[in-house]
Amino acid sequence: MPRKLPFRVIHVSGQDESYRAAELNYHSPLTKGWQASRYCLYPQDIVIQLENRSRLRKIQILSHQYLIATKIEFFVGDIPDEQSQDIENARYTRLGYVSLSDNEKTGYKARELKSVHVDAIGLYLKLNIHKNHINKYNIYNQVGIIAINVIGDEIRRPTDLTDPDVYLDPDKRRAIEADPSLEGLYNKPDFISPLDDLAFDMYQDPEIAGIIRKLEKKKQEAVLQERFEYAKKLKAAISELQKVGEKLGKFEVEKRQAVENEDYDKAKLKKVQMDEYRLQVYKDLNLPDLLETSGSRHPQTIDLEPIRQPTPPRLQELSYRTPPQTPPPRTPYDERPLPAMKKASESIPTKQLFLHKIVPPPVPEEDDPPPESSSGITGEPEPMGEKELREASYAIDVFGEPLVSKAYSKTWSYREDALLAVYKQVQESSVSGKEECRNLLKATIFLVKRAIDDKVYAVFKAGLHLLRMILTEYIAKHKLQKQDYVYAVEKTIPNLLHKGGDTAARCREDSKSFVLEEASFPDVKSTNIVPHECTKPIKLSLAPRQAQSQCEIVESLYRQLGIKTNSGLTVDNLMQFCVTALGHNSGEVREVAERIIKELYKEAKEPVKDYLPPDNEKNRKITLYRQLYEYFDRVDGKPSKSEVKKRKSDDERKKQQEIEMLQQQLQQLKDMASGKQDYHPSPRPKKHKPKLKPVDESILENKKAPPRRPSVASKKMKQDAKKKNDKKKKDDDDISMYNMDNICIFCGERNESFTEEGLDLHYWKHCPMLKRCTNCKQVVEIASYTEHLLTECELKTNYQRCPRCTEAIPKSDFDEHTAAKSCNVARTGTNHCPLCHQNIGAGEEGWKSHLMSREGCKQNPRRLLALNKTPAAGKTKAAPKGKKTPR
């Protein structure tokens, strides 16, 4: 059976003079451990030598709390049979490595115990210790190891190493040879005693640890001799001595701290307390009889039960739910007994135990289990394992191991009973010291966290019930500080948020409801701890159900608390939370986050947009952001981009319809001029002025005229056409004046060279009513040039309308232009020229007069070309008013 192997350190690559490697040879609460020298080189080596060649089964390393190595490698060394036993002759085999935590989560207050299970044979163990974790306490880049423990079997003879007898002690081997039936008791190749674990020696008083080992050996002998009553008493004494040893170990540490602080009075007091406490325990346990050192084979009877008191009638029902347990022996010396001793006697009332012996519950047969409808449970909760004992050590100190073992039981009814017992004990607690109150609070919160994570609904509800009492009664009753409220909430709210993702609907709803409820508790509300914890951005890898639950909690908190002063919720923490949630892969999570943002925008407006991507065409292509931007526009009373686009589309459609109507009118005029039909003009829309579609350079190359529309000339022709119908003139000369060929519909000039190709050239170079866009080179009307730059041009995004002069200003100059306020203000009832920037006459006549007359626009170069144009042969100007132009 593997056991603790003695060793000594024989080599170390470096050490701090105050923390030498020899410290690793001993295990006790006062062990300081080894530390590397300051600013040493890595890796550091430690070699230990075992007393005998052994088979290693388990290696344990207790690391320093802040001088932490990143990695430790293990090597086992052995010496060939033909060579002498010297470290220089050792041949090492690498076993592997372990990585150590940086300990940041514990605030560098806890020590990490690493246990490694191996199977190797050798005489030496080498540790290769790599560089340290960086933290603010480790200013010299050191590494430290508090203790090393090696568990295994010494090889007694050089025979078959696979034979289990090789690792047996001689006494045990002789016992098996005498009685082969004992082999199963002694020969346990994989069993490791808890007494050989490193945690046992590091927290136990050395003297008590030695006594416990002797009692354990006595217990095994008693079992072999079938002295079961004696073995039972030894087991109870061992359990009690473990608690006493931990208490004495703490006293020893406090005494040493007092000596280091030169508080010798306190050190003397601690020494006296330890000696008296130790002697009183030995006396109460009747230790000489237990160890059978008094010469009596049959020890005296030891009363291990407390004094019993009368039982009130109301406890009769409870007696059936409490399993019989053996309470610890009384130690009347200490006026303030160990927390574990005191709480154990309180957690299981002695009255209840006494009644249980008077009225025992019916014990069913082994093959006849109790029915499920039974109101009670029988038996004891299963013992806690090594890991569980270490994990719950703080709670055990306060409530006692019997009660905490129920909280750790695999039977849910035990766990529920434990929480109910804690509730009663905490509610009726009469401790007065602040530190004791806080110790009770921390132990209770530890059990509450386990209860919240419990899969059984009844245990979960009992945990919430206990937490509610802590936040509303206990802390206020004992007048603790706000930081204690923060501690209770900060420790439990991650468990509640995690429970919000539970598969059971009622667990999800109860957890969410409790978070909202505790946020409204007056003393908790003033700390703002609940909103602060809930609005921490979620991880994108978080489970969808849990992420959705947390988002819904934040949404409810916002509706409940708002973003007013001291509510704990601000635009900043809400938007950071929501923006992160918008990136989650679950649509339900994004939907809740979107709702929060929309509600927040109603209240905060523009600051919300600072946390979102810019509102531009690129981002509006993303459905999520487009919906948010459009919602913001509606809240601000502005038409959304989609509505603006729809209106623009409708306007374009109406313009196209007008162009088609005008083209029909032109065709009618042409038909009428050729004598095919009479002229019947169709009604023309009055609301929208028709515009010329842009003409680009491909017009001249492709020889295709752009769409034409009539201006003032077409109106005059309509009037002349009407007069013609009235006078019914039929001669060819009169008909020729209504011919629409060879006329520019913009400036009204008539020229025989104005064929389809000639008009294209006229539009492109000479017409004073048109100009080419400096950006896209399309030919547009000067009257609509501003609108072209803002809505039609390829570079329309580079322009912005000035609210003062209404012209299209490049965005790069817009701020300077508007700040100067030197532009000519556009007046109502006039036109505004984009060339000379002056206000001119209204209507089309105003444009024609300004762009074509001798006193017109000085910035229109085509105006002078038109005025100075000399009629060439075969060309004539537009006919004077009242005269007819021959064809």
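Above this text sits the structure in question.
Quick summary incoming for the structure in this document. Just so you know, these numbers come straight off a predicted model, no measurement behind them. (Residues numbered from 1 in each chain as written. Predicted model: local features only at pLDDT ≥ 70, side-chain atom pairs only at ≥ 80, totals over all residues. Heavy atoms only, no water.)

1. Considering the overall build of the chain
The helix and strand inventory of the chain stands at 33 helices and 14 strands. When the 887 residues of the chain are sorted by exposure, 45% land in the buried category. A total of about 48500 Å² of accessible surface is found on the chain, and carbon and sulfur atoms cover 50% of it. (Helix = DSSP H or I, 4+ residues; strand = E, 2+ residues; numbered from the N terminus. Buried < 20%, exposed > 50% of the residue type's maximum accessible area, 1.4 Å probe, protein only. Areas by Shrake-Rupley, 256 points an atom, 1.4 Å probe, with all protein chains shown as cover.)

2. Looking at the nonpolar core
Counting residues in hydrophobic clusters, the biggest one holds 86 residues, and the most contacted among them are Phe-399, Tyr-474, Val-530, Cys-534, Leu-557 and Phe-632. Element by element, the count of residues in this core is highest for helix α15 (residues 457–477), at eleven residues. The next biggest cluster of nonpolar side chains, apart from the first, holds 31 residues, and it includes Val-9, Ile-59, Ile-61 and Val-143. (Core = buried A, V, L, I, M, F, W, Y, C linked by side-chain atoms within 4.5 Å.)

3. Concerning the state of the cysteines
If you walk through the whole model with that rule in mind, you get zero disulfides. Unpaired in terms of disulfides, Cys-551 finds its nearest cysteine sulfur in Cys-578, a separation of 7.0 Å. Owing to a relative accessible area of 0%, Cys-578 belongs among the buried residues under this scheme. (Disulfide = S-S within 2.5 Å.)

4. Digging into the packing of aromatic side chains
One pass over the full model with this rule turns up seven aromatic pairs. Seen from their ring centres, Tyr-39 and Tyr-140 are 5.7 Å apart, and the 85° between their planes marks the pair as edge-to-face. One end of the pair, Tyr-39, is in the loop between β3 (34–35) and β4 (44–63); the other, Tyr-140, is in the loop between β7 (113–129) and β8 (144–154), and 101 residues separate them in sequence. Overall, Tyr-39 belongs to the exposed group, its relative accessible area being 54%. Judged by relative accessible area, Tyr-140 falls into the partly exposed class, the value being 26%. Relative to Phe-460, the ring of Tyr-457 lies with its centre 6.3 Å away and its plane at 50°, an arrangement referred to as tilted. With Tyr-457 and Phe-460 both in helix α15, this residue pair falls three residues apart, about one helical turn. The exposure class assigned to Tyr-457 is partly exposed, which follows from its relative accessible area of 22%. Classification of Phe-460 by relative accessible area gives buried; the value is 0%. Each residue in the set Tyr-66, Tyr-108 and Tyr-137 is aromatic and connected to the rest through ring pairs, giving one cluster. (Phe/Tyr/Trp six-rings, centres within 6.5 Å; stacked < 30°, edge-to-face > 60°.)

5. Considerations on the environment of Val-448
Relative to the assigned elements, Val-448 resides in helix α14 (residues 434–452). Relative accessible area serves as the criterion here: at 0%, Val-448 is assigned to the buried category. Linking Val-448 and Leu-464, residues 16 residues apart in sequence, is a C-alpha distance of 7.5 Å. Residues in contact with Val-448, not counting those within four places in the same chain, are Gly-463, Leu-466, Leu-467 and Thr-492. (Contact = heavy atoms within 4.5 Å.)

6. As for the packing of α14 against helix α16 (residues 482–499)
Pairs of packed helices are described in terms of their axes, by the angle between the two and the distance that separates them. Close contact between α14 and α16 brings their axes to 9 Å; oriented N to C, the two are set at 10°. In terms of orientation, α14 and α16 fall into the roughly parallel class. Contact residues: Arg-438, Leu-441, Lys-442, Ile-445, Val-448, Lys-449 and Ile-452 in α14; Gln-483, Asp-484, Tyr-487, Ala-488, Lys-491, Thr-492, Asn-495, Leu-496 and Lys-499 in α16. The residue makeup of the contact of α14 with α16, split by class, is seven nonpolar, three polar and six charged. (Axes fitted to C-alpha atoms, helices over the stretch in contact; angles between N-to-C directions. Parallel < 35°, antiparallel > 145°, perpendicular 65-115°, else oblique. Nonpolar A, V, L, I, M, F, W, Y, C, P; charged D, E, K, R; others polar.)

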